[in-house]
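This is what each chain is made of:
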Amino acid sequence: MLTSQFLLLGAILFCIGVYGVIARKNAVLVLMSIELILNSVNINLLAFALRNGSADGHTFALYIIAVAAAEVGVGLAMVLLIYRNRRSIGLDELSEMRG
Amino acid sequence: MFAADLLVAQNIGFAVIALVMIVGALRVVTTSNVVHAALWLVVVLSGAAAQYILLAAEFVAITQVLVYIGAVMVLFLFGTMLTRARIGAERDLNNNYWRLGIPVAGVLFAAMTIAVVSSFGDEQLPDEPRVIGVQEISDQIVGPYLLPFWALSFVLLGAIIGAIVLARKD
């Protein structure tokens, strides 16, 4: 197995996730795209862990999974709150903070 | 990549899983149904777990299945159900300027491809990798990486309390 094949898979998933973050209006779908990005980073970390024979990549992959779980929890709580107040989760309608 | 290498079962497995993951990821960002997007995300996350096993990281793969496919996807489906009046396909899931994302992602991918190929060209991963067991990972977590572990514990605590405070009806 080549090192670069895993890194390229990570790059592809990362770019698809970035496209999703830019293109999507629905807040839940933006959170899903962020999950894609975090997973691509995990693939890179584990590829480098295998390449260098070290456990550091595994450790940080586990940390990333935990942070992603926390992020989704808070993110969906915020989405629920916004939906309760606005009856919509379109991100382009949240313009109160515009100066 | 040499023709002999293509015959290695690992490479075939990688190619099949990678293809499924890419198709799934594209469907996540293009489908017009939020529930379908969540289910395609399950495909991508399962493929990622399979790739972790290919990368000799069994513990991370199992954690991925437990946390992502088990817990995070349930959260997503609950979030979808609680914020959506209807379940079917919808028209207005994309921004007006969604086309902007295509060149951005393309340029980003080109840059990363150039960086990866020029740095790691055809470097092989080790054939006989050092096996990293759960014991070594736990030694890392409660050893040199204890401080990030504490920080992570506080992040999780804050997230739990924050989620309760935000989502509570008052």
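About the thresholds
- Residues numbered from 1 in each chain as written.
- Chains lettered and ligands numbered in written order.
- Predicted model: local features only at pLDDT ≥ 70, side-chain atom pairs only at ≥ 80, totals over all residues.
- Helix = DSSP H or I, 4+ residues; strand = E, 2+ residues; numbered from the N terminus.
- Rg over C-alpha atoms; globule rule 2.2 N^0.38 Å.
- Buried ≥ 20, exposed ≤ 12 C-beta atoms within 10 Å, placed from the backbone.
- Contact = placed C-beta atoms within 7 Å.
- Nonpolar A, V, L, I, M, F, W, Y, C, P; charged D, E, K, R; others polar.
- Expected span 1.5 Å × (residues − 1).
- Bend = angle between axes of the 7 residues up to and from the residue.
- Core = buried A, V, L, I, M, F, W, Y, C linked by C-beta atoms within 7 Å.
- Domains from an automatic or database assignment.

Caption draft 1: Seen up close, the overall build of chain B. Within chain B, the regular secondary structure consists of seven helices and zero strands. Ordered by position from N to C terminus, the α and β elements of chain B give α-α-α-α-α-α-α. Here chain B has a C-alpha radius of gyration of 20 Å; the compact-globule value for 170 residues is 15 Å, and the former is much larger. Dimensions of chain B along its principal axes, counting C-alpha atoms only, are 60 × 45 × 25 Å. With 170 residues in all, chain B has 25% of them scored as buried. For chain B, contacts bridging at least 24 residues in sequence account for 53% of all contacts bridging at least 6.

Caption draft 2: Local environment of the interface of chain B and chain A. On the chain A side, the residues contacting the 77 residues of chain B number 62 residues. Elements supplying a minimum of two residues to the side of chain B that touches chain A: α2 (9-30), α3 (34-54), α4 (58-83), α5 (101-120), α6 (134-141) and α7 (146-167) of chain B. Ranked by the residues each element gives to the side of chain B that touches chain A, the list is headed by α4 of chain B, at 14 residues. Residues belonging to the side of chain B that touches chain A are distributed by class as follows: 56 nonpolar, 16 polar and five charged.

Caption draft 3: Geometry of unusual backbone geometry. Positive phi outside glycine occurs at A56 of chain B, with the angle close to 60 degrees. With respect to the secondary-structure elements, A56 of chain B resides in the loop between α3 and α4.

Caption draft 4: Highlighting α4 of chain B. Compared with an ideal rise of 1.5 Å per residue, which puts 26 residues at 38 Å, α4 of chain B spans 36 Å between its outermost C-alpha atoms and is within 8% of the ideal. Along its length, α4 of chain B reaches its greatest deviation from straightness, about 25 degrees, at V72 of chain B. For α4 of chain B, every residue scored as buried is listed here: V60, A61, T63, Q64, Y68, V72, F76, G79, T80 and T83 of chain B. Next to the buried residues of α4 of chain B lie α2 (27-52) and α3 (56-86) of chain A together with α3 of chain B.

Caption draft 5: Structural context of the nonpolar core. By size, the foremost hydrophobic cluster in this structure holds 70 residues, and its most contacted members are I16, V28, M32 and L46 of chain A together with V28 and V44 of chain B. Breaking this core down by element, the ones donating at least two residues are α1 (3-23), α2 and α3 of chain A together with α2, α3, α4 and α7 of chain B. Counting contributing residues, this core receives three or more from each of domain 1 (3-93) and domain 2 (133-170) of chain B. Setting aside anything within four residues of it in sequence, one finds I16 of chain A in contact with L36 of chain A together with A25, L26, V29 and A105 of chain B.

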